[in-house]
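Spelled out, the chains give:
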Amino acid sequence: MSYDPLRVFRKLARNNRLANFRLHHACLQLSQEEFVASRVSFFPTIRATLNHIYTVDRFYIDAVKGGTLGLAAFAKEEPFETMAELRRAQAELDEVLIAFVDGLEEDGLAATVNIHRGTRIQQDRCDDVLTHLLQHQTHHRGQVHAMLSGTTIKPPQLDEFIVGDDAKARKEEMDALGWTETDLMFPARRSRQ
């Protein structure tokens, strides 16, 4: 079997979707008061942190797709008031990321991405921007995980998605998303829609 450099990005995009799915399921169980309560973290609330993940995802996903949204992605700091609204929007964005990565050709990883930052356009490789985006997600999901510890809701396990041995631990989420283990372990290239 030959090495596929896109496989890791396909798996990480799916890991991103699975982790958000699990974390959002836990956060949906919070009361609105707990969702917006002040907490100790980089952002002062769970709502603010999850909204930040969404707006940054929107910023970078638009850029890797060749868009020019730029700083307009941050026009509203917290675009979603409720967890239900945020969950729907983030799920859609996560699926856009999966579709983008699935549609990439190998040379697309080295393509230059123009990131519109107001007075300048940052230029970086697509694989570096994707890695940055996925790391950003992981970082802030960890903060939400920690903040959940101060609520009535048990923080979910977020690291059982990549290796085959974790299949039992992710079965519920895989079933809910309509995915198979083959979809995750051998993510095939799908054409862009």
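Residues numbered from 1 in each chain as written. Predicted model: local features only at pLDDT ≥ 70, side-chain atom pairs only at ≥ 80, totals over all residues. Heavy atoms only, no water.

Brief notes about the overall build of the chain
In step 1: Each helix and strand counted, the chain has seven helices and two strands in total.
In step 2: In terms of overall dimensions, the chain is globule-like: its C-alpha atoms have a radius of gyration of 17 Å, near the 16 Å expected for 193 residues.
In step 3: C-alpha atoms of the chain, sized along the principal axes, occupy 50 × 50 × 25 Å.
In step 4: Across the 193 residues that make up the chain, the buried fraction comes to 49%.
In step 5: For the chain, the share of sequence-separated contacts (at least 6 apart) that also reach a separation of at least 24 residues comes to 71%.
In step 6: Total accessible area on the chain is roughly 10100 Å²; 52% of this is exposed by carbon and sulfur atoms. (Helix = DSSP H or I, 4+ residues; strand = E, 2+ residues; numbered from the N terminus. Rg over C-alpha atoms; globule rule 2.2 N^0.38 Å. Buried < 20%, exposed > 50% of the residue type's maximum accessible area, 1.4 Å probe, protein only. Contact = heavy atoms within 4.5 Å. Areas by Shrake-Rupley, 256 points an atom, 1.4 Å probe, with all protein chains shown as cover.)

Quick notes on the pairing of strand β2 (residues 121–125)
In step 1: As paired elements, strand β1 (residues 112–116) and β2 share five bridges and run antiparallel to each other. Each bridged residue has a counterpart across the sheet, and for His 116 the counterpart in β2 is Ile 121.
In step 2: Taking the residues between adjacent antiparallel strands as the criterion, β1 and β2 are bridged by four residues, where Gly 118 takes a positive phi near 80°. (Pairing = 2+ DSSP bridges.)

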